[in-house]
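Per-entry structural report
The lines below spell out each chain.
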4 protein chains.
Amino acid sequence: MSLSTPDLPSMDTVFAPVRSQTAFEETLERLGTAIKLGLLAPGARLPAERELCTRLGISRSTLRQALTALAQSGHLHAVRGRGGGTFVAERPPPVDPPSRELLASWREACDVRLSVELGIAALAAARARPEELAPLDELVVAMDDLVEDFPAYRQADVRFHIGLAEATHSPRLVAAATEAQGAMTDLISNIAHPAEILEHANAQHARLLSCIRGRDADAAVRIMAEHLRGTEHVLAGLLPGDG
Amino acid sequence: MSLSTPDLPSMDTVFAPVRSQTAFEETLERLGTAIKLGLLAPGARLPAERELCTRLGISRSTLRQALTALAQSGHLHAVRGRGGGTFVAERPPPVDPPSRELLASWREACDVRLSVELGIAALAAARARPEELAPLDELVVAMDDLVEDFPAYRQADVRFHIGLAEATHSPRLVAAATEAQGAMTDLISNIAHPAEILEHANAQHARLLSCIRGRDADAAVRIMAEHLRGTEHVLAGLLPGDG
Amino acid sequence: MSLSTPDLPSMDTVFAPVRSQTAFEETLERLGTAIKLGLLAPGARLPAERELCTRLGISRSTLRQALTALAQSGHLHAVRGRGGGTFVAERPPPVDPPSRELLASWREACDVRLSVELGIAALAAARARPEELAPLDELVVAMDDLVEDFPAYRQADVRFHIGLAEATHSPRLVAAATEAQGAMTDLISNIAHPAEILEHANAQHARLLSCIRGRDADAAVRIMAEHLRGTEHVLAGLLPGDG
Amino acid sequence: MSLSTPDLPSMDTVFAPVRSQTAFEETLERLGTAIKLGLLAPGARLPAERELCTRLGISRSTLRQALTALAQSGHLHAVRGRGGGTFVAERPPPVDPPSRELLASWREACDVRLSVELGIAALAAARARPEELAPLDELVVAMDDLVEDFPAYRQADVRFHIGLAEATHSPRLVAAATEAQGAMTDLISNIAHPAEILEHANAQHARLLSCIRGRDADAAVRIMAEHLRGTEHVLAGLLPGDG
DNA sequence: GTGGTCTAGACCACG
DNA sequence: GTGGTCTAGACCACA
């Protein structure tokens, strides 16, 4: 082999299209994902615009563009006057169907999620503190009662995975996990999930926590991989092949 | 625990600053990283501007902004006329020292890399084709002879890891791996690496390939985690604590 | 002597290198000179980009190249939003030392200035209107109080000479005077100027105005020549010989 | 008066249109002017293309563009083979009539010339060496015999003024004088010049040389100003007012 | 309405 | 056919 091969295949990656998201678009997606994932629960009140635009590092006008868009789509509603503010809608609009591109590349999305979650499993096993795991136990218990109500189950599931990410103490992994869960929600929320499947999945959650408590990173990673493979099999049966 | 807790810690992630990288910035970083990693070897000729801007999906002006910046910093030089083009400098400028932010968050960088590489190990074990692994064998052999020459070793190492990423057939993971390797290069290129360390690391490379050939994802992930932990220990001893 | 001598010495001029300054370069130099000369005072606001590029007869991108360069060098700073604009820095960066070429050819620069200023003296004597000379009187008075503060004196001096150029009603001479003063500023701004020298020079300013008022072109030219010779003597003592 | 008047009239100069000439255009004008002024005499052979493009600092293709244009307009003709080369046409095409812009701004052109020539007079008086003035004496003698043949007179006149410029030893002034003479030629070559006018003008040439020999700069400048005023009066009577 | 970014396409200078 | 420069116009983010 030659160390100076002039045209490595990875050039395709180096020269792949560059795309820049505008501040408006990213804000819209951030808030929208948080709402769809239930991180911002129905009825919750968003921070005041003046505070929010500071935290997001954008101007108020740009923030308002995003808030307006989310209000128009029914995710938010604004209340003026005393006690007013911007609130997450109590009755959220249905999750929109997966975009054409997402459908075309669902396997990519799963691969990215796999990568993120394996890292989370490994690092959580190394770093999680007991008080960070306790709420996850509660979520597992709660999910056991929700296997017949997929939307509710799914919301708890999201919190479980993001809670695990937080146990790594790595903000970037939390952000990546959030994004990955958002993509999955877009893919799976309109798919029927039999109770048995969910029970099985939740059993994996429990075993995962157990391994993490035992600081057994290898086992945690193994269970996580298995857990995710479950979702992939469901999708593989229902969605078109890789794009 | 309440399912509607209004202020989860993950809100910090949702409301984290939005920073949209411009097309120019991303192009600059892409090409710059590829050069520093040796993916674009010294003396190599880039595609013509008119082709490159098409592949990158940007206008020629934007591309030229990036090329101009890289030429000024000494990474590229342009030649006009017949047989001309834009070439990677034969004598590249020294890798710039890690930025203050990178130093402050080196552990974050390692966490991200861990995540990416574990996913790669797992997926490569599932999907790699023999003809994709053969070049990696050769790289391992070559690296054995380069343990005394860190820059050369490192370049082969980069190609090994990116080659592995390519074996997953997931462009996003290739891109993520490239970016992660770039961040590591910024961190470690100015650090002394004893031959014994490199020999040990390369032995892990060999075992990794063996597991992947055997489709043993669990073992591959385990070895990869161990492999990366090696680098982290070196850095943990030399760099300031987490930022 | 033959009228068809094939190789006159002036051929060196005819065949001297053609160097076309780009629109960007000329814009940079124009604005930079105006700032360094104080024609654009610290804190002053430039016309809006969209207007400026029209006046300069160039595209906005080209203008912005120049503005960006001047902002990076600290001469300008941009403010966005309502009431925004591009402003001359309040605390300007120090005048950069004369370039190697300028130093090597300072005598050339003085010759050009001599030529420009003699023409200005002659034409101002022929054409200046009283209301154009009045401000120059005031400048002379002001300069008398500034002989201990060279930077301030020099700024008034620049305005005096350019004001005189304007009294010729010849835009090309105004431009030439501005350019010549810019070259002189680069040469002399870092040189000590005793108060006596400045007093003497300012006395010449006064006599110059008097001659011009009297429409005595010959005397005006004579005084101007003497005035400029003063600077040259100072430079001749401090700078290396002709390049 | 205020030292910080925000909007000086000189801003019009700072913000005046920027124009960049291409290398081709400047080459064309340089060679064209040299030919029209007789600096490159009819029948003279230009340096070889390979040498010329080096001296002009341009590529051969750009040079050829200019040469081709001048050949098409009849100013040059190329001869191939042994003893070949590019030659100035023996029977030059008539000087083209002044362009609309030149006509509109003839007074500006005169002002610039005045400026250049006054500086030349002053500096020549200070620096001219006898051997540089001798050829100018011969030109004056020759011109006395050419007052009936304006084209021939004019060619000698041009050489006189450019020769004087060379006596200043300032390349920039030689270039400026050449350019100014070129502009004047475009203006005046189609105007009738009575012998008496030329005799008077040539007498001024002689007195000018005398003053310069005597190192009397003031007188030289005075005579030069007077000399140029002669041309201006002629033009003022024949051309439209200032543009 | 301000500065900041990007685009599509033209023409120039080069070898 | 290469890199180098410039243009006209669009849209974005800001206050």
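On a predicted model such as this, the values are computed, not experimentally measured, just so you know. Think of each chain on its own: its residues are numbered from 1, step by step along the sequence as written. Chains and ligands are labelled by the order in which they are written, letters from A for the one and numbers from 1 for the other. Predicted model: local features are reported for residues with pLDDT of at least 70 only, side-chain atom pairs are reported and counted for 80 or more only, and whole-chain, interface and lining totals are derived from all residues. Side-chain metrics in this entry use all non-hydrogen atoms of the structure; hydrogen atoms and water are not considered.

1. Digging into the interface of chain B and chain A
On the side of chain A, 63 residues touch chain B, which itself brings 64 residues to the contact. Accessible surface is computed with a 1.4 Å probe, and the buried area is the amount of it that two parts give up when combined, taken over both parts together. Interface area, chain B with chain A, both sides summed: about 5,500 Å², of which 60% is carbon and sulfur. The salt bridge criterion pairs a side-chain nitrogen of Lys or Arg with a carboxyl oxygen of Asp or Glu, the two atoms within 4 Å. Counting across the interface, chain B meets chain A through 4 salt bridges. Arg 55 of chain B is the salt-bridge partner of Asp 12 of chain A, the closest N and O atoms lying 3.7 Å from each other. Any pair of nitrogen or oxygen atoms within 3.5 Å is treated as a polar contact; in protein, a donor-acceptor pairing is required on top of that, and neighbouring residues in sequence qualify only through side-chain atoms on both sides. Run the count over chain B and chain A and you get 15 residue pairs in polar contact (both at pLDDT 80 or more). Secondary-structure elements contributing two or more residues to the side of chain B that touches chain A are helix H1 (11–14), helix H2 (23–36), helix H3 (49–56), helix H6 (106–127), helix H7 (130–144), helix H8 (150–166), helix H9 (171–188) and helix H11 (217–238) of chain B. Helix and strand definitions here come from DSSP, where helices need a minimum of 4 consecutive H or I residues and strands a minimum of 2 consecutive E residues; each element is numbered from the N-terminal end. Looking at the side of chain B that touches chain A element by element, the count peaks at 12 residues for H6 of chain B. Each residue gets one of three labels, nonpolar for Ala, Val, Leu, Ile, Met, Phe, Trp, Tyr, Cys and Pro, charged for Asp, Glu, Lys and Arg, and polar for the others, Gly among them. For the side of chain B that touches chain A, the per-class residue count stands at 34 nonpolar, 15 polar and 15 charged. Contact definition: two residues touch when any of their heavy atoms are within 4.5 Å.

2. What to know about the relation of the copies chain B and chain A
Each copy is superposed on the other by least squares, with the fit set by C-alpha atoms of residues at a pLDDT of at least 70 in both. Under the fitted operation, chain B is carried onto chain A by 0.2 Å of movement along the axis and a turn of 180°, and the coordinates agree to an RMSD of 0.3 Å. In symmetry terms, the pair is related by a two-fold rotation axis. Relative to the rotation axis, the closest C-alpha in chain B is found at Ser 115 of chain B, a distance of 2.8 Å. When the interface residues of chain B are mapped onto chain A, 97% of them again lie at the interface, so the same face is used by both copies.

3. Remarks on the packing of helix H10 (residues 195–213) of chain A against helix H11 (residues 217–238) of chain A
All names here are of chain A. Every angle, taken between N-to-C directions, lies between 0 and 180 degrees, and every axis is a line fitted to C-alpha atoms, over only the stretch in contact when it is a helix. Closest axis-to-axis distance for the H10/H11 pair is 9 Å, and the angle between their directions is 165°. Taken together, the axes of H10 and H11 are roughly antiparallel relative to one another. Pair H10 / H11 crosses with left-handed handedness. From H10, Ala 201, Gln 204, His 205, Arg 207, Leu 208, Cys 211 and Ile 212 reach across to H11, where they touch Ala 219, Ala 220, Ile 223, Met 224, Glu 226 and His 227. Residues of the contact of H10 with H11, tallied by class, amount to 8 nonpolar, 3 polar and 2 charged. For classification purposes, an angle smaller than 35 degrees is called roughly parallel, one larger than 145 roughly antiparallel, one from 65 to 115 roughly perpendicular, and anything else oblique. Note on convention: the crossing is left-handed when the near helix lies turned anticlockwise from the far helix by less than a right angle, right-handed when the turn is clockwise.

4. Here we look at the pattern of salt bridges
Two side chains carrying opposite charge are able to pair once their charged atoms lie near each other. Under the counting rule described, the total for this entry stands at 42 salt bridges over all chains. With a shortest N-O distance of 3.2 Å, Arg 129 of chain D and Glu 131 of chain D are connected by a salt bridge. Between buried and exposed lies partly exposed: a residue is buried under 20% and exposed over 50% of the maximum accessible area for its type, with that area taken using a 1.4 Å probe on protein chains only. Accessibility expressed as a relative area gives 54% for Glu 131 of chain D, which makes it exposed. Overlapping salt bridges bring together Asp 12 of chain A together with Glu 51 and Arg 55 of chain B as one network.

5. Focus: helix H7 (residues 130–144) of chain D
Residues and elements named next belong to chain D. Expected helix span is computed as 1.5 Å times (number of residues minus one). Its 15 residues place the ends of H7 21 Å apart at the C-alpha level, agreeing with the 21 Å of an ideal helix rising 1.5 Å per residue. Glu 132, Leu 133, Leu 136, Leu 139, Val 140 and Met 143 are the residues of H7 that are buried. One face of H7 carries all of its buried residues, which in axial projection span an arc of 105°. Facing away from the buried side of H7 by more than 90 degrees, the exposed set consists of Pro 130, Glu 131 and Val 141. Buried residues belonging to H7 abut helix H6 (106–127), helix H8 (150–166) and helix H10 (195–213). Each direction from the helix axis to a C-beta atom contributes to the arc, which is the arc of those directions.

6. Notes on the relation of the copies chain D and chain C
When chain D is fitted to chain C, the best match, at an RMSD of 0.3 Å, comes from turning it 180° and sliding it 0.2 Å along the axis. Most of the interface of chain D is mirrored in chain C, where 98% of its interface residues again form contacts.

7. Some thoughts on a negative patch on the surface
Among the surface-exposed residues, Asp 216, Asp 218 and Glu 226 of chain A together with Asp 216, Asp 218 and Glu 226 of chain B lie close enough to one another that they form a single negatively charged patch. Broken down by secondary-structure element, the contributors of at least two residues to the negative patch are H11 of chain A together with H11 of chain B. Assignment of secondary structure puts Asp 216 of chain B in the loop between helix H10 (195–213) and H11. On the basis of relative accessible area, Asp 216 of chain B is assigned to the partly exposed category, the value being 36%. Patch membership requires more than 30% relative accessible area and the absence of a salt bridge. Residues of like charge join within 9 Å; the nonpolar side chains Val, Leu, Ile, Met, Phe, Trp and Tyr join within 5 Å. Per-residue accessibility takes into account occlusion by the displayed protein chains alone, with areas from the Shrake-Rupley method and a 1.4 Å probe. This count recognises Lys and Arg as positive and Asp and Glu as negative, with His and chain-terminal groups excluded. Charge positions come from single atoms, namely NZ of Lys, CZ of Arg, CG of Asp or CD of Glu.

8. Notes on the interface of chain D and chain C
On the side of chain C, 64 residues touch chain D, which itself brings 63 residues to the contact. Roughly 5,400 Å² of surface becomes buried between chain D and chain C when both sides are summed, with 60% attributable to carbon and sulfur atoms. Here chain D is connected to chain C by 14 residue pairs in polar contact (both at pLDDT 80 or more). For the side of chain D that touches chain C, the elements supplying multiple residues, two or more each, are helix H1 (11–14), helix H2 (23–36), helix H3 (49–56), H6, H7, H8, helix H9 (171–188) and helix H11 (217–238) of chain D. The dominant element in the side of chain D that touches chain C, judged by the number of residues it contributes, is H6 of chain D, at 12 residues. Of the residues contributing to the side of chain D that touches chain C, the split by class is 34 nonpolar, 14 polar and 15 charged.

9. Re the protein's contact with DNA strand E
Around DNA strand E sit 33 residues in total, of which Ala 23 and Ser 59 of chain B, Arg 64 of chain C together with Ala 23 and Thr 62 of chain D are the nearest. Protein-adjacent atoms of DNA strand E, using a 4 Å cutoff, are sugar or phosphate at a proportion of 65%. Measuring from a phosphate oxygen of DNA strand E, one finds a side-chain N or O atom of Thr 62 of chain B at 2.9 Å. Arg 64 of chain C is positioned with one of its side-chain polar atoms (N or O) 2.8 Å from a phosphate oxygen of DNA strand E. Considering every element that reaches the surface near DNA strand E, the biggest residue donor is helix H4 (residues 60–72) of chain B, with 3 residues. Its residues placed into classes, the surface near DNA strand E shows 9 nonpolar, 13 polar and 11 charged. Summary of the distance rule: residues count as near a molecule or strand when at least one heavy atom falls within 4 Å of that molecule or strand.

10. Quick look at the protein's contact with DNA strand F
Near DNA strand F, the surroundings consist of 33 residues, among which Ala 23 and Thr 62 of chain A, Arg 64 of chain B together with Ala 23 and Ser 59 of chain C are the closest. Expressed as a percentage, the sugar and phosphate content of the atoms of DNA strand F within 4 Å of the protein is 65%. Here a base nitrogen of DNA strand F sits 3.4 Å away from a polar atom, N or O, in the main chain of Arg 82 of chain B. At a separation of 2.8 Å, a phosphate oxygen of DNA strand F approaches a polar backbone atom of Ser 59 of chain C. Within the residue set of the surface near DNA strand F, elements represented by two or more residues are helix H2 (23–36) and helix H4 (60–72) of chain A, H3, H4, strand S1 (76–79) and strand S2 (85–88) of chain B together with helix H2 (23–36) and helix H4 (60–72) of chain C. Top element by residues in the surface near DNA strand F is H4 of chain C. It accounts for 3 residues. Broken down by class, the residue content of the surface near DNA strand F amounts to 9 nonpolar, 13 polar and 11 charged.

11. Focus on the domain arrangement of chain A
Residue and element names in this part refer to chain A. By convention here, the domain bounds are inherited from an automatic or database domain assignment. According to the domain assignment, chain A consists of domain 1 (11–88) and domain 2 (100–238). The distance between the C-alpha centroids of domain 1 and domain 2 comes to 25 Å. Of the residues lining the interface, 6 residues belong to domain 1; the matching set on domain 2 comes to 9 residues. With both chains or domains summed, domain 1 and domain 2 bury close to 600 Å², and 67% of this area falls on carbon and sulfur atoms. Scanning the region where domain 1 abuts domain 2 turns up 0 salt bridges.

12. Focus on the arrangement of the chains
Without any contact between them, chain A and chain C keep their closest C-alpha atoms 11 Å apart. Spatially, chain A is disjoint from chain D: no contact exists, and the shortest C-alpha separation is 32 Å.

13. Description of unusual backbone geometry
At His 169 of chain A, a position not held by glycine, the phi torsion is positive, near 65°. Tracing the backbone through its elements, the reader meets His 169 of chain A in the loop between helix H8 (150–166) and helix H9 (171–188). Positive phi values are uncommon outside glycine, yet Arg 215 of chain C reaches one of about 60°. Mapped onto the fold, Arg 215 of chain C is located in the loop between helix H10 (195–213) and helix H11 (217–238). Classification of Arg 215 of chain C by relative accessible area gives partly exposed; the value is 45%.

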